[in-house]
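Coordinate analysis (summary)
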Amino acid sequence: MANIAVARIKREFKEVVKSEEVAKCHIKVELVDDSFTSLRGEILGPPDTPYEGGTFILDIRIPETYPFNPPKVQFLTKIWHPNISSVTGAICLDILKDQWAAAMTLRTVLLSLQALLAAPEPDDPQDAVVARQYKETSDIFSQTARHWASNYASAPHREPVMDDKVAQLKNMGFDEHKARVALSTHNWDIEQAMENILS
Amino acid sequence: MGNCLNTPTADDISLLRGSDSQDGSETANLGPPPPYQESVPIYHPSPNVSRTVTQLTEEEQIKIAKRLGLIQHLPTGVHDGCCKKTKECVICMGEFILGDRLRYLPCMHSFHKDCIDDWLMRSFTCPSCMEPVDAALLTTYETNN
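Residues numbered from 1 in each chain as written. Chains lettered and ligands numbered in written order. Predicted model: local features only at pLDDT ≥ 70, side-chain atom pairs only at ≥ 80, totals over all residues. Heavy atoms only, no water.

Chain B is annotated in an unreviewed UniProt entry as RING-type domain-containing protein of Capitella teleta.

As a reminder, the rule being used: UniProt positions are given in the numbering used here, feature names are shortened, and annotations may be inferred rather than shown by experiment.
The name given to chain A in an unreviewed UniProt entry is E2 ubiquitin-conjugating enzyme, with Capitella teleta as the source organism. Database annotation for chain A, UniProt heading Sequence similarities (unreviewed entry): "Belongs to the ubiquitin-conjugating enzyme family."

**Description of the domain arrangement of chain A**
Residue and element names in this part refer to chain A. What counts is decided by this rule: The split into domains, and so the bounds of each, comes from an automatic or database assignment of domains. Accessible area that two parts lose when put together, with a 1.4 Å probe and added across both, is what the buried area reports. Think of a salt bridge as a Lys or Arg side-chain nitrogen and an Asp or Glu carboxyl oxygen that are within 4 Å of each other. Identification of polar contacts relies on pairs of N or O atoms within 3.5 Å, with a donor-acceptor requirement for protein atoms, meaning one able to donate a hydrogen and the other able to accept it, and with residues adjacent in sequence counted only if both atoms are side-chain atoms. Ten residues, namely Ala, Val, Leu, Ile, Met, Phe, Trp, Tyr, Cys and Pro, are considered nonpolar, four, namely Asp, Glu, Lys and Arg, are considered charged, and the remaining ones, Gly among them, are considered polar.
Segmenting chain A into domains produces domain 1 (3–118) and domain 2 (128–198). A separation of 26 Å is found between the C-alpha centroids of domain 1 and domain 2. Of the roughly 1,400 Å² buried between domain 1 and domain 2, counting both surfaces, carbon and sulfur atoms make up 75%. Per-residue buried area on domain 1 facing domain 2 is highest for Pro-50, Lys-78 and Trp-80; these three make up 55% of the total on that side. Here domain 1 and domain 2 share zero salt bridges between them. If you look at where domain 1 meets domain 2, you find two residue pairs in polar contact (both at pLDDT 80 or more). Counted by class, the side of domain 1 that touches domain 2 contains six nonpolar, six polar and two charged residues.

**Let's talk about a negative patch on the surface**
All names here are of chain A. Inclusion rule: Patch definition: residues above 30% relative accessible area lacking any salt bridge, with like charges linked at up to 9 Å and the nonpolar side chains Val, Leu, Ile, Met, Phe, Trp and Tyr linked at up to 5 Å. To be clear on the numbers: accessible area is Shrake-Rupley with a 1.4 Å probe, and residue cover counts the displayed protein chains and nothing else. Residues scored as positive are Lys and Arg, those scored as negative are Asp and Glu, and His as well as the terminal groups of each chain are ignored. A single reference atom marks each charge: NZ on Lys, CZ on Arg, CG on Asp, CD on Glu. To qualify as a helix, a DSSP run of H or I must reach at least 4 residues; to qualify as a strand, a run of E must reach at least 2; elements of each kind are numbered from the N terminus. Only protein chains enter the accessibility calculation, which uses a 1.4 Å probe; a residue whose area is less than 20% of its type maximum is buried, one above 50% is exposed, and one in between is partly exposed.
There is a patch of like negative charges on the surface, built from Asp-94, Asp-98, Glu-121 and Asp-124. Here Asp-98 is to be found in the loop between strand 4 (72–75) and helix 3 (106–118). What makes Asp-98 exposed here is its relative accessible area of 54%.

**Some thoughts on the nonpolar core**
When a protein is soluble and globular, its nonpolar side chains tend to lie buried together. As a reminder, the rule being used: What is meant by a nonpolar core is a set of buried Ala, Val, Leu, Ile, Met, Phe, Trp, Tyr and Cys residues, joined one to another through side-chain atoms within 4.5 Å. Residue contacts are defined here by distance: any two heavy atoms, one from each residue, within 4.5 Å place the two residues in contact.
Counting 66 residues, the largest nonpolar core has Phe-75, Ile-91 and Leu-113 of chain A together with Ile-91 of chain B as its most contacted members. Filtering out sequence-adjacent residues up to four positions away, Leu-113 of chain A remains in contact with Ile-43, Leu-58, Val-73, Phe-75, Ile-91, Leu-93 and Leu-96 of chain A. Counting residues in hydrophobic clusters, the runner-up holds 10 residues, among them Ala-182, Leu-183, Trp-188 and Ala-193 of chain A.

**Points about the sheet that holds strand 3 (residues 76–78) of chain B**
Hydrogen bonds along the backbone pair up the strands of a sheet, which may run parallel or antiparallel. Residue and element names in this part refer to chain B. Formally: Note: two strands are recorded as paired if DSSP finds a minimum of 2 bridges between them. Each axis is a line fitted through C-alpha atoms, taken for helices only over the stretch in contact, and angles between the N-to-C directions span 0 to 180 degrees.
An order of 3-4-5 is seen for the three strands of this open sheet, with the pairing classed as antiparallel. Here the strands that pair on one side only, and so sit at the sheet edges, are strand 3 and strand 5 (110–112). If you compare each strand with its neighbour and ignore which way they point, the axes differ by 35° on average. In the sheet, strand 3 pairs with strand 4 (residues 101–104) via three bridges, with the strands oriented antiparallel. Looking at the pairing, Thr-76 lines up with Arg-103 of strand 4. Sheet contacts for helix 4 (residues 113–120): strand 3, strand 4 and strand 5; angle to strand 5, the most-contacted strand, approximately 100°.

Written out as structure tokens, the structure reads:
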């Protein structure tokens, strides 16, 4: 890996560790190994959003050409959000693509992702199913996002009705995550969700 | 039309990589060069796109040639340790050390010459303020005339 990339990550690492946001437990970065090419990020779900209080883990890969090219970031924690794939965790965010600038840092990337959680952009979706739900039935979207956050990101606010529906399908022998995806995709209609899993 | 990028001279490479220091002592300590610094220069017609000369379209070649010319017009200097100036290059996050070669953008932001030249070949904007460099250059020319 190019010297500049490693040197920068080392310096940035210190910056994030010292930052105000870390002190408030809002963001965090950890090394995965000694190479400084693979990092683990963490962001707290922002207040007044369905993700509030959840802890979202991110996989961060530093390319050899960093900081001339952006880091490759994806969610490891499963999340229901129009700009994040509910299957792979891939993120659609301009600064991680063509709007990247060499002066941006791991800290600004994590803060931008936190801002993305607070302000989805459904017209530039990564997950078409979630984006459609966000635009057409925003109440169901918010509840679904909160349900996912409470189950996968340890967020404190639960959605008991949705928890029950997942439990019902689980008791019938269906895989819990598959049941959750099917129910979320079919606006929590149990029959449609079952048909979907069985088809 | 002649292909001005087909036979890269030492000048072309030095413009891209800023490796115009005469002694090789600095690079000798860095171990083997990373793949993108090997003898065949890699161009970036747009960010995230890496191509060798033979893979470039004519349009991209013209764009890169123009870009190389424009970068040459941007002022350079040597860091003289003056404390009122910026202390750090935001690209490598390294502190400016006495004698470092710097380049100044029209928006008044300064960087290590090697760092900013590499960036400008990918994106002609200031990495600090996102100001498009060519737009600012044109304004400078107009006010000077």
